[in-house]
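Close look at the chain arrangement
These are the residues of each chain, in order.
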Amino acid sequence: MGAGSWGTAVAKVLADAGNDVKIWARRSELVDQINTHHENRDYLAGYPLPDTIRGVAAVEEALSDVDLVVCAVPSQSLRGNLEQWREHLPADAVLLSLAKGVEISSGKRMSEVIAEVTEFPARQIAVLSGPNLAKEVAQGQPAATVIACVDEDQAKRVQEAFATGYFRPYTNVDVVGCEIGGAAKNVIALACGMASGLGFGENTLATIITRGLAETIRLGASLGADITTLAGLAGIGDLVATCSSPLSRNRTFGARLGEGATLEEAQAATNGQVAEGVKSCASVLALARENGVDMPLTEAVNRVCHEGMSVPDMVASLLGRSTKPEVYGAAAP
Ligand SMILES: NC(=O)c1ccc[n+]([C@@H]2O[C@H](COP(=O)([O-])OP(=O)(O)OC[C@H]3O[C@@H](n4cnc5c(N)ncnc54)[C@H](O)[C@@H]3O)[C@@H](O)[C@H]2O)c1
Ligand SMILES: O=P(O)(O)OC[C@H](O)CO
């Protein structure tokens, strides 16, 4: 449900793994493109799709007779979409979230939004998160991911549906850890982009990644995540991929800001692609404050994205903080 770059790449993985796949897109031109040219030229141009994937414009048709519903719209639009899909969802389907963000209006993770809107039980709600840049996956480059569900058997069933020769899913029962890792790394990737846009090198990037992981672990721990999840694919794995790759929309967005673009200019350059961290920096920060967790990098990114601070001033404010011991525990900022 959603034909952006990741929804489309995931549809390809599922088709390559031998599943019957329908992909719902809002615009009928995109549906026609997928059915006629077997390509999504708007979001994943140049990557041929298996001709078994069927593009569908009607929600009712997309959701009829399916056992896995992959929710592939951006975080802030998931609730609105689910409200329209709800009446058509098969009662025994598994709902799998791909989105990496925290809802601004509620501070909820995507699995919480799904539970609230659909009233499906937790054992029918799963999330997929890991170092998965859509274009690399669509090329069939080797990659791994995590499929998390509180019901381990259910996670294993979804895992089987996704396993192909190039895409290797692992299971986890720590839904909170996977979702916090996915949402927080987008914010840290914005900070890495800003540093690289300013011309800083690998020492700075490694520092941001490492201290970004420290604040993600603090937030995850305060919300009940297993911190070892954040040492895995959905934590450090995704953080490294997103913070290092020029394919990352979040990193690229941050780099434009670091090079001196305004927020509006950086937004205009995205070509309709989502950089989730720009919105989620505010909701992740709110979640941190509610739980008494200090997240200085997230706070700094939020100041640039929502309070008008310049990137050089942000760097000065971060480096001007008092000196600290390097402790990863929940209390150490
Ligand atoms: N692209 C990736 O490499 C990648 C990888 C892993 C996870 N994700 C996550 O997947 C989610 C979806 O991202 P994407 O990269 O597929 O999107 P995208 O940026 O490629 O495009 C956004 C898609 O969402 C659609 N959309 C926007 N607003 C909508 C709305 N209100 N209702 C319905 N559809 C709407 C757009 O039409 C488009 O199809 C995000 O949370 C992202 O963080 C992306
Ligand atoms: O392009 P980004 O920054 O949205 O990142 C894409 C994926 O989440 C990487 O795992």
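Per chain, residue numbering runs from 1 following the sequence as it is written. Key to labels: chains lettered from A, ligands numbered from 1, both in the order written. A pLDDT threshold of at least 70 governs which residues receive local features in this predicted model, and a stricter bar of 80 or more applies before side-chain atom pairs are shown or counted, although totals over entire chains, interfaces and linings include all residues. Calculated side-chain values reflect all of the structure's heavy atoms, with hydrogen atoms and water omitted.

**Section: the site of ligand 2**
Heads up, the condition is: By convention in this text, a residue qualifies as near a molecule or strand provided that one of its non-hydrogen atoms is within 4 Å of it. Counted as a polar contact is a pair of N or O atoms within 3.5 Å, where, for protein atoms, one must be capable of donating a hydrogen and the other of accepting one, and residues adjacent in sequence contribute only when both atoms are in side chains. Note on areas: these come from Shrake-Rupley sampling with a 1.4 Å probe, and a residue is covered only by the protein chains present in the view. Definitions used for this entry: grid spacing 1 Å over protein atoms alone; cavity, a set of points where a 1.4 Å probe fits but cannot get out; pocket, an open set with protein on both sides within 12 Å along at least 5 of 7 lines; lining residue, one with an atom within 4 Å of a point. If over half the atoms of a molecule are within 2 Å of the grid points of a cavity or pocket, the molecule is regarded as sitting in it. When residues are sorted by character, Ala, Val, Leu, Ile, Met, Phe, Trp, Tyr, Cys and Pro go into the nonpolar class, Asp, Glu, Lys and Arg into the charged class, and all the rest, Gly among them, into the polar class.
Taken together, Lys100, Gly130, Pro131, Asn132, Leu133, Lys185, Asp238, Thr242, Leu247, Ser248, Arg249 and Asn250 make up the full set of residues adjacent to ligand 2. Separating an oxygen atom of ligand 2 from a backbone N or O atom of Gly130 is a distance of 3.1 Å. When ligand 2 sits alone it has 310 Å² of accessible area, and the protein chains cover 92% of it. When atom positions are compared with the pocket grids, ligand 2 is found to occupy the largest pocket. Partitioned by chemical class, the residues of the shell around ligand 2 number three nonpolar, five polar and four charged.

**Observations concerning the environment of Leu44**
Rules: Only DSSP runs of H or I with at least four residues qualify as helices, and only runs of E with at least two residues qualify as strands; both kinds are numbered from the N terminus onward. Relative accessibility decides the category of a residue: with a 1.4 Å probe and only protein chains considered, values under 20% of the type maximum give buried, values over 50% give exposed, and everything between is partly exposed. Any pair of residues with heavy atoms lying within 4.5 Å of one another is described as a contacting pair.
Considering the arrangement of structural elements, one finds Leu44 in the loop between helix 2 (28-37) and strand 2 (54-56). Of the residues examined, Leu44 reaches a relative accessible area of 1% and is grouped as buried. When the C-alpha positions of Leu44 and Ala3 are compared, they lie 9.4 Å apart, and in sequence the two are 41 residues distant. Setting aside chain neighbours within four positions, we find Leu44 in contact with Ser5, Thr8, Ala9, Glu39, Ala134, Lys135 and Ala138.

**Observations regarding the UniProt feature "binding site: sn-glycerol 3-phosphate" (unreviewed entry) in the protein**
The criterion, for reference: UniProt positions are given in the numbering used here, feature names are shortened, and annotations may be inferred rather than shown by experiment.
The UniProt feature table records "binding site: sn-glycerol 3-phosphate" (unreviewed entry) at Lys100, Gly130, Lys185, Asp238, Ser248, Arg249 and Asn250. Within the annotated group just given, the residues that line the largest cavity are Lys100. Within the element layout of this structure, Asp238 appears in helix 10 (residues 233-244). Judged by its relative accessible area of 1%, Asp238 is buried.

**Comments concerning the site of ligand 1**
Spelled out, the test is: Domain limits in this description derive from either an automatic procedure or a database domain assignment.
Ligand 1 sits among 22 residues. The nearest are Ser5, Trp6, Ala134, Val274 and Glu276. One of the side-chain nitrogen or oxygen atoms of Asn81 is found 2.9 Å away from a nitrogen atom of ligand 1. For ligand 1, whose free accessible area comes to 830 Å², the fraction covered by protein is 86%. The site holding ligand 1 turns out to be the largest pocket. Secondary-structure elements contributing two or more residues to the shell around ligand 1 are helix 1 (5-16) and helix 4 (75-85). The element contributing the most residues to the shell around ligand 1 is helix 1, with three residues. Counted by class, the shell around ligand 1 contains 11 nonpolar, seven polar and four charged residues. There are two domains that each give the shell around ligand 1 at least three residues, and those are domain 1 (5-173) and domain 2 (176-319).

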